[in-house]
Amino acid sequence: MSPSASDLTGIHRVEKLYLELLFRCNMSCGICYHGEDLKRRDVLTHEQVRNALIYFADRYGCRQACFLGGEPLLYDELPRVLATAQQLGYQTEVCTNGYRRRRVLEACVPHPDLLRISLDAGTREAHDAIRRPESFDAAFDTMAWAAGRRLPFGATCTLTAQHIGTIAELAARLRDTGAVELQLHRLRPIGNAATSGLQPVTWGQTRALHDQLTRMDLGQMQVNLDILLPERCPQPTGHVEKLEIAPDGRVYLSCAEVAGPGQNVRYDFDQAALVPVDPR
Ligand code: SF4
């Protein structure tokens, strides 16, 4: 008898599934872990998304899905996959750079339970230097749009050694804008980040940010402060908080890092299952 998927992976529960719907993006950020993959045309079909959602719900008890890319607002069927995920009992999130594409966002309402805007640093100057001119203001325009529709929104920000000093200012602005959460994660030097000159943060830097944010009044906004401390990320266990699947089936497991290293496993969209990586 062939071993079950959980025997192969050691995973028995997945809290949140991150599905990259496509590689393409309307940016090419210096921070981006996709690197050259941003040029690839791979796109998931609605059926592949649906099958993955069913598989992870049935096999791993997953009930939260975050749709991302690349840029998910370039994915034509985003409103449809959001509706499908909700029908299957998932809480849904869209993680976007928030740069224009307002018509697509309008079509997605009311499906997402949360709109998450990705940021690369805490100030306009630092963010736009990594991403593109006017992208910081565009991201906050999109948050204001979400607030106007009573759509819960938050932000995610990659931490780098150069810009970690801007995060407290960002947290204060997000709090005042009405964000419900700020998700922080550490830069992993892969993809564009490997050659951009941006440096990963040290645990000393993140501990200092932890102490700074702990002293601030963050209001109702949730911040994942615990990932700023090294003791938060022990050796992997069978209970995975974030399992991310690329459009070609690569699997990343995340704790404190963005796109954390995966295990010796990939997701096969044809079989709709996790399978061992072919060692060849
Ligand atoms: S970091 Fe996000 S916004 Fe930037 S190129 Fe990558 S997918 Fe696009």
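Treat the numbers as computed from the prediction; the structure is a model and nothing was measured.

So, the overall build of the protein
- If you tally the helices and strands in the protein, you get eight helices and eleven strands.
- Taking 19 Å as the expected radius of gyration for a compact globule of 280 residues, we find that the protein reaches 18 Å, a close match to that expectation.
- Principal-axis analysis of the C-alpha atoms gives the protein an extent of 55 × 40 × 35 Å.
- Counting all 280 residues of the protein, 41% fall into the buried class.

Some words on the site of the ligand
- In the vicinity of the ligand, 13 residues are found, and the nearest of them are Cys25, Met27, Cys29, Cys32 and Asn97.
- Class assignment for the residues of the shell around the ligand results in six nonpolar, six polar and one charged.

A word on the pairing of strand β11 (residues 273–276)
- Direction of pairing for strand β10 (residues 265–268) relative to β11: antiparallel, over a ladder of four bridges. Bridge pairing links Arg266 to Val275 in β11.
- Between the end of β10 and the start of β11, which pair antiparallel, lie four residues, with Ala272 showing a positive phi angle near 55°.

Structural notes on helix α2 (residues 46–60)
- Given a rise of 1.5 Å per residue, 15 residues ought to cover 21 Å, and the 21 Å separating the end C-alpha atoms of α2 matches this to within 8%.
- Here α2 has its buried residues at Gln48, Val49, Ala52, Leu53, Phe56 and Tyr60. Within α2, the buried residues cover an arc of 135° as seen down the axis, which keeps them to one side. Exposed residues on α2 whose side chains face more than 90 degrees from its buried face are Glu47 and Asp58.

Looking at the pairing of strand β6 (residues 181–186)
- The two faces of β6 differ: Leu182, Leu184 and Arg186 on one face are buried, but Glu181, Gln183 and His185 on the other face are not.
- In this fold, the crossover linking strand β5 (residues 153–159) to β6 by way of helix α7 (residues 167–177) has right-handed handedness.
- Where β6 lies against strand β7 (residues 222–223), two bridges are found, and the strand directions are parallel. Each bridged residue has a counterpart across the sheet, and for Glu181 the counterpart in β7 is Gln222.

Topic: the UniProt feature "domain: Radical SAM core" (unreviewed entry) in the protein
- Sequence positions flagged by UniProt for "domain: Radical SAM core" (unreviewed entry) are, in local numbering, residues 11–226.
- From the first C-alpha to the last, residues 11–226 spans 22 Å; its make-up is 36% helix and 19% strand.

Focus on the environment of Leu228
- With respect to the helices, strands and loops of the structure, Leu228 is situated in the loop between β7 and β8 (239–245).
- The exposure class of Leu228 is buried, given the 26 C-beta atoms found within 10 Å.
- With 25 residues separating them along the chain, Leu228 and Leu253 place their C-alpha atoms 17 Å apart.
- In contact with Leu228, other than residues within four places in its own chain, are Leu184, Thr206, Arg207, Leu209 and His210.

Thoughts on the packing of α2 against helix α3 (residues 78–87)
- Taken N-terminus to C-terminus, the directions of α2 and α3 make an angle of 25°; their axes are 10 Å apart at the nearest point. Considered as vectors, α2 and α3 are oriented roughly parallel to each other. For the element pair α2 and α3, the recorded crossing hand is right-handed. Counted together, His46, Val49, Arg50 and Leu53 of α2 and Arg80, Val81, Thr84 and Ala85 of α3 form the full contact between these two elements.
- Considered class by class, the residues forming the contact of α2 with α3 number four nonpolar, two polar and two charged.

Brief notes about the sheet that holds strand β9 (residues 251–254)
- Spatial strand order, β7-β6-β5-β4-β3-β2-β1-β8-β9: nine strands in an open sheet with mixed pairing. Looking at the sheet topology across the chains shown, the edges are occupied by β7 and β9.
- Pairing analysis gives four bridges linking strand β2 (residues 64–68) to strand β3 (residues 91–96), with the strands arranged parallel. If you follow Cys66 over to β3, its bridge partner there is Glu93.
- Against the sheet, helix α6 (residues 135–148) makes contact with β4 (114–119) and β5, and its axis sits at roughly 170° relative to β4, the strand it touches most.
- The sheet strands contacting α7 are β4, β5, β6 and β7, and the helix crosses β5 at an angle near 175°.

What to know about the environment of Val94
- Relative to the assigned elements, Val94 resides in strand β3.
- Put simply, Val94 and Pro72 are 22 residues apart on the chain and 7.4 Å apart in space, counted from C-alpha to C-alpha.
- If we ignore the near neighbours within four places in the chain, the residues touching Val94 are Phe67, Pro72, Cys108, Pro112, Leu115 and Arg116.

Considerations on the nonpolar core
- Val14, Leu17, Leu19, Ala65, Phe67, Cys157 and Leu182 are the most contacted members of the largest nonpolar core, which totals 76 residues.
- It is α2 that provides the largest number of residues to this core, a total of five residues.

Cut-off values and rules
Residues numbered from 1 in each chain as written. Predicted model: local features only at pLDDT ≥ 70, side-chain atom pairs only at ≥ 80, totals over all residues. Helix = DSSP H or I, 4+ residues; strand = E, 2+ residues; numbered from the N terminus. Rg over C-alpha atoms; globule rule 2.2 N^0.38 Å. Buried ≥ 20, exposed ≤ 12 C-beta atoms within 10 Å, placed from the backbone. Near = placed C-beta within 6 Å. Nonpolar A, V, L, I, M, F, W, Y, C, P; charged D, E, K, R; others polar. Pairing = 2+ DSSP bridges. Expected span 1.5 Å × (residues − 1). Arc of directions from axis to C-beta. Right-handed = clockwise from strand over helix to strand, strands pointing away. UniProt positions renumbered as here; feature names shortened; annotations may be inferred. Contact = placed C-beta atoms within 7 Å. Axes fitted to C-alpha atoms, helices over the stretch in contact; angles between N-to-C directions. Parallel < 35°, antiparallel > 145°, perpendicular 65-115°, else oblique. Left-handed = near helix turned anticlockwise from the far one by under 90°. Core = buried A, V, L, I, M, F, W, Y, C linked by C-beta atoms within 7 Å.

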